[in-house]
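Survey of secondary and tertiary structure
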Amino acid sequence: MASVIEIPLETFAGPVDPDWCPGCGDFGVLRALQIAVSRLGIQPKDLLVVSGIGCSSNLPGFIHAYGVHSLHGRAVPVATGAKLANQDLRVVITGGDGDGYGIGLGHFVHAMRRNLDLNYIVMNNQIYGLTTGQASPTTMKEHRTKSTPRGNAELPINPIALALVSGATYVARGFSGEAKHLADLFAGAIQHKGFSLVDVFSPCVTYNNVNTYPFFKQRVYKLEAEQGYDHSDSRAALEKSFEWGDRIPIGLFYKDDQPTYEDSDPVLRNGPLVHQPLRLNPETFQGFVEELM
Ligand code: SF4
């Protein structure tokens, strides 16, 4: 096996500094992602970061790599298209809970059941931050927000359980206050062949005064330290995914090696589409391009 040549961390410094509020959990996520790709020796030219809309979705601008800042909830289909065009790219999707588990929920589920080789990082702050503090799909029941002044009447989505029953083959949860652990989870997700979800507790210090750093620091524990926990056991993972209270698990819930969508598609078995012959005459191709532009 070829040895990995680490890339200096500063290589991944983005063209602009993050515009997040001081103390926002997303800083820890960005840093952990930069550490993971640097450690894995992934060149910026081989990395694509795709996002939707939201505070966390600004992330592609803050890391040196290819990036697409797409539409609200549409990061997964954009990333799918890019991956199918060029399997050689490492494709990381970044965004928030509103973007991914709200408007983008359908795309999220279908990408998981296809087991596309994509890495999805959700900065889950349990609130809509960019629009100044409304309840999101993961806001806890009874939480008073701007849009739920009498308390949230809805149950939150459980992203870990959803990923487990939808076919994701690497399912993990991290906390932006645990940077080294988070970087390890990201590195594992990127190395994994198949769809990975890393849901990250990434506190919004401006609009969520319930799910704060102290809230998580007092509760999170690592599955890796749990004696007897077996991350190849999907039933045990599902059971753990419902633990929420005085103790909240973080770490790798589940991992399984299954053929990816790309492995199963006869056309893609011949290599990335971008390296295959066009099989169209150039005039017809040009006609398509002009129609779309
Ligand atoms: Fe982060 Fe919240 Fe500020 Fe957005 S509003 S940058 S999520 S702290």
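Check the entry above for the structure.
This section reports on the structure supplied with the text. Not measured: the values here are computed from a predicted model.

The rules behind these values
Residues numbered from 1 in each chain as written. Predicted model: local features only at pLDDT ≥ 70, side-chain atom pairs only at ≥ 80, totals over all residues. Heavy atoms only, no water. Helix = DSSP H or I, 4+ residues; strand = E, 2+ residues; numbered from the N terminus. Buried < 20%, exposed > 50% of the residue type's maximum accessible area, 1.4 Å probe, protein only. Contact = heavy atoms within 4.5 Å. Areas by Shrake-Rupley, 256 points an atom, 1.4 Å probe, with all protein chains shown as cover. Lys, Arg positive; Asp, Glu negative; His and termini not counted. Charge placed at Lys NZ, Arg CZ, Asp CG, Glu CD. Expected span 1.5 Å × (residues − 1). Arc of directions from axis to C-beta. Core = buried A, V, L, I, M, F, W, Y, C linked by side-chain atoms within 4.5 Å. Phe/Tyr/Trp six-rings, centres within 6.5 Å; stacked < 30°, edge-to-face > 60°.

In this section: the overall build of the protein. Looking only at helices and strands, one finds 10 helices and eight strands in the protein. In the protein, which comprises 293 residues, the share counted as buried stands at 49%. The contacts in the protein between residues at least 6 apart in sequence include a share of 70% that link residues at least 24 apart. Accessible surface for the protein amounts to roughly 14300 Å². Of this, 55% is attributable to carbon and sulfur atoms. Here the protein holds 24 positive side-chain charges and 30 negative ones, and the gap between their average locations is 4 Å.

The subject of this paragraph is helix α6 (residues 179–191). An ideal rise of 1.5 Å per residue puts 18 Å on 13 residues; α6 measures up with 18 Å between its terminal C-alpha atoms. All of the buried residues along α6 are H181, L182, A183, L185, F186, A187, G188, A189 and I190.

It is worth spelling out helix α4 (residues 105–114) at this point. Listing the buried residues of α4 in full gives F108, A111 and M112. Buried residues of α4 fall within an arc of 100° about the axis and therefore sit on the same side. Buried residues in α4 make contact with α2 (75–85), α3 (97–103), β4 (119–124), α5 (159–166) and β6 (196–201). Positive backbone phi, at 50°, marks N115, one or two positions downstream of α4.

Counting residues in hydrophobic clusters, the biggest one holds 32 residues, and the most contacted among them are L33, L47, L59, I63, F186 and V198. Counting only elements with at least two residues in this core, the list comes to α1 (26–39), β1 (47–51), β4, β5 (170–175), α6 and β6. Element by element, the count of residues in this core is highest for α6, at seven residues. Contact partners of I63, with chain neighbours within four places excluded, come to F12, G14, P15, L30, L33, Q34, L47 and V49. A79, L116, V122 and A237 belong to the second-largest nonpolar core, a separate cluster that totals 30 residues.

Turning our eyes to something else, we now look at the packing of aromatic side chains. For the coordinates displayed, the defined rule picks out 11 aromatic pairs. Ring plane angle 50° and centroid distance 5.7 Å describe the contact between F175 and F216, whose orientation is recorded as tilted. Here F175, found in strand β5, pairs with F216, found in helix α7 (residues 213–219); they are 41 residues apart in sequence, far enough to count as distant. F216 carries the same exposure label as F175, and that label is buried. With a centroid separation of 5.8 Å and 70° between ring planes, the pair formed by F201 and W244 is classed as edge-to-face. Within this pair, whereas F201 is found in strand β6, its partner W244 is found in the loop between α8 (234–241) and β8 (248–255), the two being separated by 43 residues in sequence. On the basis of relative accessibility, which here comes to 2%, the residue F201 falls in the buried class.

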